[in-house]
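# An overview of the molecular structure
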Amino acid sequence: MDYLTAPLDETSRAALAATGLRYAVLDNDDAAALEGWIRADFRGFHGKRPSAEVLEEARGSFAGRRNTGVYDDEGATSDPVGTVNTWPAPLTVPGGARVDSWAISSVTVAPTHRRRGIATALLGGELRTAHALGLPLAILTVSESVIYGRWGFGPATWATAWSVDTKRVGWAGGETPGRLSFAEPAEYEETGARVLDRVMASRAGEIGLEPYLAKRLIGPMKGDPDADKLRLVRYDSAEGEPEGFVTYVLKDDPEDDFTRHTVVVNHLAAATPEALRTLWRFLIELDLVAEVKVWTRGVDEPYQSLVNDIRGARVTELQDHLWVRILDVPAALQARTYERDGSLVIDVADDLGLAGDRFRLTVRDGRAEVQATEDTADVSLPVAALGSAYLGHDVVRGLSLAGRIQGDAEALDRLFRTTVPPRLSTWF
Ligand SMILES: CC(C)(COP(=O)(O)OP(=O)(O)OC[C@H]1O[C@@H](n2cnc3c(N)ncnc32)[C@H](O)[C@@H]1OP(=O)(O)O)[C@@H](O)C(=O)NCCC(=O)NCCS
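The notes below deal with the structure included here. (Residues numbered from 1 in each chain as written. Predicted model: local features only at pLDDT ≥ 70, side-chain atom pairs only at ≥ 80, totals over all residues. Heavy atoms only, no water.)

The five strands lie next to each other as S17-S16-S15-S18-S19, forming an open sheet whose pairing is mixed. With partners counted over all chains shown, the strands left at the sheet margins are strand S17 (367-372) and strand S19 (406-407), one partner each. Bridge count for strand S16 (residues 357-364) against S17 is six bridges, and the pairing is antiparallel. Across the sheet, residue arginine 364 finds its bridge partner in S17, namely arginine 367. Packed on one face of the sheet, helix H11 (residues 409-416) meets strand S15 (342-349), S16, strand S18 (379-382) and S19 and runs near 110 degrees to S15. (Pairing = 2+ DSSP bridges. Helix = DSSP H or I, 4+ residues; strand = E, 2+ residues; numbered from the N terminus. Contact = heavy atoms within 4.5 Å. Axes fitted to C-alpha atoms, helices over the stretch in contact; angles between N-to-C directions.)

Attention shifts here to the packing of helix H1 (residues 10-17) against helix H4 (residues 118-132). Interaxial distance between H1 and H4 falls to 8 Å at its minimum, and their mutual angle equals 165 degrees. In terms of orientation, H1 and H4 fall into the roughly antiparallel class. Of the two elements, H1 crosses H4, and the hand of that crossing is left-handed. Taking contact as the criterion, the partners of Thr11, Ser12 and Leu16 in H1 are, on H4, Ile118, Ala121, Gly124, Gly125 and Arg128. Residues of the contact of H1 with H4, tallied by class, amount to three nonpolar, four polar and one charged. (Parallel < 35°, antiparallel > 145°, perpendicular 65-115°, else oblique. Left-handed = near helix turned anticlockwise from the far one by under 90°. Nonpolar A, V, L, I, M, F, W, Y, C, P; charged D, E, K, R; others polar.)

Looking now at empty space enclosed by the protein. Applying the stated criterion to the full structure yields one cavity of 30 Å³ or more. Here the largest cavity is characterised by a volume of approximately 40 Å³. Around the largest cavity, the lining residues are Ala40, Arg43, Gly44, Pro80, Val81, Gly82, Thr108, Val109, Ala110 and Pro111. Contributing elements (two or more residues each) for the lining of the largest cavity: helix H2 (31-44) and strand S4 (98-109). By residue number, the principal contributor to the lining of the largest cavity is H2, which donates three residues. By residue class, the composition of the lining of the largest cavity is six nonpolar, three polar and one charged. (1 Å grid on protein atoms, 1.4 Å probe; cavity = no way out; pocket = protein on both sides within 12 Å on 5 of 7 lines; lining within 4 Å. Points joined across faces, edges and corners; volume = space filled by probe spheres on them.)

As structure tokens, then:
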């Protein structure tokens, strides 16, 4: 699949041209053009002006992506006024298959050009391109939850942030085997990437990470103000197998109490329960620390079971995280497994005309067969609601209550929901 050279979407090209704007896929070897694009991307997310070394690193990070820009050639700047980039990322689905999905990132529109349909052209263009490439799903993580529903994306995983009061809680998590050691992030990159891949393969909702995305979790990236403070502790099993790591920064107490530092976790990766227990124990037993903060965790993290005072480990945030847009209903539904058998006719509505139709879904021994049908629908729903339900999170009853799923929502829920909820433990 040559996604880097796939042609530009003609519908969006024409729509943008009609408003005097030029739509272009960048040549990643054109350093000046890519740097202009990166500057626009950073500004779009209210970031700092990237330094020369940050630009150089970002060019490397984005070299494997399809970077697309929208240009106002009449304007006073040659940098783009709209950006997006995309690449096929393996999304783990229930049952463990990894399905190439069109990952969409860096969606920005310059505030000077907002609300004139540039994002609409960019998103429509990406979805039609992914569809033409034969990808069954598009995925993204979002800055605001109000943006992407209109293009058929639905929230499919939820993420939690936690605060643990480590002056209050004690360890109650049992044996912590294996070995912990400090490592220099730069020396741990290869091993860390392998550990991350094991973690990402083992849970629905996680994606296979490009080297850049893995590096962000192992750290530090150029320009990171906390680079010198970032610590990495690796976990190796008793047999010497690398199975997890945590990267974190220690922050001073605002009241200057040296016994009350805060540990801000950059990333915690645990490929086995032993790795999770041992790394957690390490974090909550750190001396001169009063609080451990982690985020982008799942909705089922066992942290409260691991401490002797449940209320000392609190969820401080719960929000939508990975958004899924189904582009090919049969391919997507046949890629995952199901915990119960059953048969259901679902009518899927898609305003963009990419995935909508009526399908019979028949699950036998946990595997689905999906075919277009004329039979009466048991359930009717927009493609965004199907995207929400796809990875097994408990969303169907709520969407039904809100009228966004009609018909036998209970039957849909029974088929789609999974015992272990999906999780995505990073941003992209
Ligand atoms: C989000 C963003 C890309 C939208 O770009 P845009 O070109 O202004 O969007 P469009 O003009 O195509 O808007 C399409 C529709 O979405 C709505 N919309 C777009 N952004 C919205 C927002 N942030 N909140 C609510 N509605 C929004 C528009 O009102 C419009 O609705 P309509 O069709 O009913 O009129 C732009 O505001 C931006 O760059 N924001 C900062 C960076 C960011 O958050 N990017 C998203 C990363 S996940």
